[in-house]
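Structural overview for review
The lines below spell out each chain.
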Amino acid sequence: MDIRAARTVPRKDRLMALDNLTLLFSLALISGLMAASLAVTSSKGGRDGLRLWAIALALESLAWSLVALRGQLPLVVTMLFANLSLVAAQGVKLAAIHEFRGLRWPRLSFLLPLAAMLALMLVLEADDVRARIFCSSLVFAAQMALLARALYQDDTTRGGRAWWLIYGATLLLLLALSFRAAMALASAESFSTPLSQHAPNTVQLMVFVSVVALDLLGALGFILLVKERIERAVQRQAMTDGLTGIFNRRAFMERAKRELAIARRKRQPLALLMLDIDHFKRINDTYGHAAGDAALVEISRLVGKRLRQQDTFGRYGGEEFCILLPDTEEQGALTLAEALRQAVEATPLSVGKEQIGVTLSIGVGVCHAGCAACAGDVSKLLNDADRALYQSKAQGRNRTVSLALHCEAESATA
C-alpha cells in the first residue's frame, strides 16, 4: 500500500485494513504450518490421505496470501490464481477422502470445478466483483456438496465423533458459501468491496471468518478420522489371527465369557464346536508349511461363510478352531457341525497341480439352559468339546462327536 495514499485514508479505515491484512496473512501462515506438519508427520507411502490434505492446505495458504496481496500484484494474478488455488485445494481434499476410503482419484470431480472457475474468471469482467463472488461461491458450495457426499458414503467411519466433526464442518461450509452467494446476488454495491481493502462488507467478512474457522475444523476432523482408523486397526490386529483373519484365542475366550454370561442370564443354551484338521502335520511335512497355511485359510473361509452373524469363530491354536453358537441346543449344533465337516471334505485344497483332500474332526459341547456346572466359567464347556474332539479322533477322525449330555441342569434351589 502507498504510504502517502494511506495518510489520506481515515485512521479508523486504516486500522480496519490492517486488521483484514493481518487476518489474511495469519490464515496463510496457519494453513502453511498445518500443511508442513502433516507432510512431516504422515507416513511415507501411506494411503491415508494425510499427504493429500497437506497439499490442499498448502494451496489454501497460497490462495490467502494472494488475496492479501491484492493491489500489490496484478489483478489477474491475485484474483485468478487465488480462486484457482482454492478450487484445486477442495479438489485435493476430495481426493484425500477417496484415498482414505481406498478409492480411485476422482479426476472428473477435480477437473470440472477447476474448469468452471477458470471459465468464470476469464468471462466475467474484472471490476464486477459481485458477479465473481456469486459465481465462485456457487462453485465452492458445489465442491462442499461433493465432499459431504464422499464422507457420507463411508460406512466404516460414518457416525463416529471425528466423522461428525468433519462432516458437520463441511455442511456448515456449504451453508455459509450458499449464503454468501445469495447475499452477493441480492445486496447493494457495497458488497463488492474487496476483503483485502478497508471497510469491507460486514456480511462478507463474517462469512469469510466462518469459512476460515470451519475449514480449519474440517482439517482437524480429517486428522482425527485417520487417527481413529489407526486405533481401530491396532485393536483389530490385537484381536484377530494374523493368518486367517478370525478371532485369536484371547479374543475368542473374552467373547466366550461374555456369551456365557448372557446365556445364563437369559436361560438359553450355548453350544461350542471344537474343530481339528486331520493329519495336519502330514500336510506340512509332505507339501510344506505354505500348503498348511493355505489349508488353514481355506477352512476358515469355508466355515466362516456358513455361520450366523451372532456366532463367534476363532482359531484356538495351531490347527484347532472353536465356534461358539448362542441359543443353540445339541441337535442344532450337531447339524451345523456335520454340514461343516461335509463341506470341508467335499472341497479339496489345490497345491500346485495336486489336489489335497482335507477333513475335520469335530467335538460338540453344549451348556443347557440353567446349567449349574457352566455358571461363570467357560472351561466346563471347553473341556466337554475337547473330550468330544478326542473321541472323534479315537474313532477314526473325519466325524462329529457330542458330549452335550454331560452338562447337568441347575437345581431348583440354586
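Details of the structure are given in the entry above.
A short tour of the structure in this document, coming up. All residue numbers refer to positions counted from 1 along the written sequence of the respective chain. In keeping with the model being predicted, local features are shown solely for residues with a pLDDT of at least 70 and side-chain atom pairs are shown and tallied solely at 80 or more, while totals for entire chains, interfaces and linings include all residues. Note: side-chain values were computed over all heavy atoms of the structure, leaving out hydrogens and water.

With that settled, the discussion passes to the packing of aromatic side chains. Any two rings among Phe, Tyr and Trp, with Trp reduced to its six-membered ring, count as a pair given centres within 6.5 Å; such a pair is stacked if its planes are under 30 degrees apart, edge-to-face if over 60, and tilted if neither. Inspection of the entire model under this criterion finds eight aromatic pairs. Judged by centre distance (4.9 Å) and plane angle (80°), the ring pair of Trp163 and Trp164 falls under edge-to-face. An aromatic cluster is defined as three or more aromatic residues linked by ring pairs; in this entry it consists of Tyr152, Trp163, Trp164 and Tyr167. Sitting over the ring of Phe100, Arg229 keeps its end group 4.0 Å from the ring centre. Counting as a charge over the ring demands two things of the Lys NZ or Arg CZ atom: a distance within 6 Å of the ring centre and an angle within 35 degrees of the ring normal. If you follow Arg249 out to its NZ or CZ, it ends over the ring of Tyr316, 4.0 Å from the centre.

This part takes up unusual backbone geometry. The phi dihedral of Arg267 falls on the positive side, at around 55°, and the residue is not glycine. Here a strand is any run of E in DSSP of at least two residues, a helix any run of H or I of at least four, and the numbering for each starts at the N terminus. Relative to the assigned elements, Arg267 resides in the loop between α9 (249–266) and β1 (270–277). Here Asn398, not a glycine, exhibits a phi torsion of approximately 50°, which is positive. You can see Asn398 is positioned in the loop between α13 (379–394) and β7 (400–402).

Glancing now at the pattern of salt bridges. Any two side chains of opposite charge can pair, on the condition that their charged atoms come close. Salt bridges are counted wherever a side-chain nitrogen of Lys or Arg sits within 4 Å of a carboxyl oxygen of Asp or Glu. If you walk through the whole model with that rule in mind, you get 14 salt bridges. Across the pair Arg158 and Asp155 runs a salt bridge, and its minimum N-O distance is 3.0 Å. Whether a residue is buried, partly exposed or exposed follows from its accessible area with a 1.4 Å probe, protein chains only, as a fraction of its type maximum: under 20%, in between, or over 50%, in that order. We classify Arg158 as partly exposed; its relative accessible area is 35%. Classification of Asp155 as exposed rests on a relative accessible area of 58%. Through salt bridges with shared partners, a single ionic network connects Glu60, Lys93 and Asp215.

Moving on, we come to the nonpolar core. Definition used in this section: a nonpolar core is a set of buried Ala, Val, Leu, Ile, Met, Phe, Trp, Tyr and Cys residues joined via side-chain atoms within 4.5 Å. Residues Trp53, Ile97, Met117 and Phe222 are the most contacted members of the largest nonpolar core, which totals 54 residues. Of all the secondary structure elements, the ones that give two or more residues to this core are α2 (11–41), α3 (50–68), α4 (75–100), α5 (107–123), α6 (129–152), α7 (161–186) and α8 (202–239). The leading source of residues in this core is α4, at twelve residues. With near-sequence residues (within four places) excluded, Trp53 lies in contact with Leu38, Lys93, Ala96, Ile97, Ile166, Gly218, Ala219 and Phe222. In terms of nonpolar packing, the next biggest core, distinct from the first, is built from 31 residues, Ile246, Phe321, Leu336 and Leu360 among them. Pairs of residues are marked as contacts when any of their non-hydrogen atoms sit within 4.5 Å.

Our next topic: empty space enclosed by the protein. Every definition here rests on a 1 Å grid over the protein atoms only: cavities are sets of points where a 1.4 Å probe fits but cannot get out, pockets are open sets enclosed by protein on both sides within 12 Å along at least five of seven lines, and lining residues have some atom within 4 Å of a point. Grid points are joined across faces, edges and corners, and a volume is the space filled by probe spheres set on the points. Throughout the structure, instances matching the rule amount to four cavities of 30 Å³ or more. Put simply, the second largest cavity is a space of about 90 Å³. As for the second largest cavity, its lining consists of 14 residues, and the residues nearest its centre are Trp53, Lys93, Thr170, Leu173 and Gly218. Mapped onto the lining of the second largest cavity, the elements with two or more residues apiece are α4, α6, α7 and α8.

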